[in-house]
Amino acid sequence: MKHVAAKLAILLALTTAARASELQALTVNGLTFSGDLKVTVFPDPTFRPKTVSTITGRTPLVLYAFHPSPRGATQRRLHLLCPVRALRVYLQRTSDTRLSDRLLVTYGGRTPGSALSTQRLAHWLVDGIQLCYTVQGKPVPTLTAHSTRGTAASVAVLSGAAWDTVRTQAGWSGDCSFLRHYFRHHRVVSVADAVLAQAV
């Protein structure tokens, strides 16, 4: 369950360029799958993002499938990174213990199934990413949960995603915040596809 939870958290963070607090606010209320092609997820209506504007509104969050009908070994491997698939698996695995309507819930401790805190979600992200590096025998970089935000946006931009699309997805009203604090010179089209395709 630890790996299932971390995988979903990482995929959500990378394909949305969202803050941990925005992911923590997602709920299962109104969650709708459109077959295997996409899923629509709503945040708690009482949630207020860090920057309140029409751009930062994430209602609803729509996740699209990544290689929904895989053909061949490469596409089947890439489909394992599909956020729609990961979310469906996660919901199935948490259905018996879920005590909260928040999308992300705890799987251990005294009250498994309760709403996950933003701090705990940050640990999931960091621990999961560090495990990925360790399994591949690569040096583990110094990172924080917030690192996923800059990495996702940077990879998307450098892979050809339109800047306006990336900026809207990440909730930035202008260019300065991204260029000054988030841009990473990765060598590497939607935000999700640009990020997930780097797994090849």
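Residues numbered from 1 in each chain as written. Predicted model: local features only at pLDDT ≥ 70, side-chain atom pairs only at ≥ 80, totals over all residues. Heavy atoms only, no water.

Q: Account for the packing of helix H1 (residues 2–16) against helix H5 (residues 118–135), naming residues and giving values.
A: Viewed as axis vectors pointing N to C, H1 and H5 meet at an angle of 95°, and their least axial separation amounts to 9 Å. Looking at the two axes, H1 sits roughly perpendicular to H5. The residues of H5 that touch H1, namely those facing His3, Ala5, Ala6, Ala9, Ile10 and Ala13, are Leu121, Trp124, Leu125, Gly128, Ile129 and Leu131. Taken together, the residues of the contact of H1 with H5 sort by class into 10 nonpolar, two polar and no charged. (Axes fitted to C-alpha atoms, helices over the stretch in contact; angles between N-to-C directions. Helix = DSSP H or I, 4+ residues; strand = E, 2+ residues; numbered from the N terminus. Parallel < 35°, antiparallel > 145°, perpendicular 65-115°, else oblique. Contact = heavy atoms within 4.5 Å. Nonpolar A, V, L, I, M, F, W, Y, C, P; charged D, E, K, R; others polar.)

Q: I'd like a description of the sheet that holds strand S2 (residues 38–43), backed by residues and values.
A: Pairing is antiparallel in the open sheet, where three strands are placed in the order S1-S2-S3. Where the open sheet ends on each side, the last strands, each with one partner, are strand S1 (26–34) and strand S3 (61–64). Along the sheet, successive strands turn relative to each other by an average axial angle of 20°, direction set aside. Looking at chain direction, S1 and S2 are connected through five bridges and run antiparallel. When the bridges of S2 are listed, leucine 26 appears paired with proline 43. Its contacts with the sheet place helix H4 (residues 83–94) against S1, S2 and S3, and it is angled at close to 120° to S1. (Pairing = 2+ DSSP bridges.)

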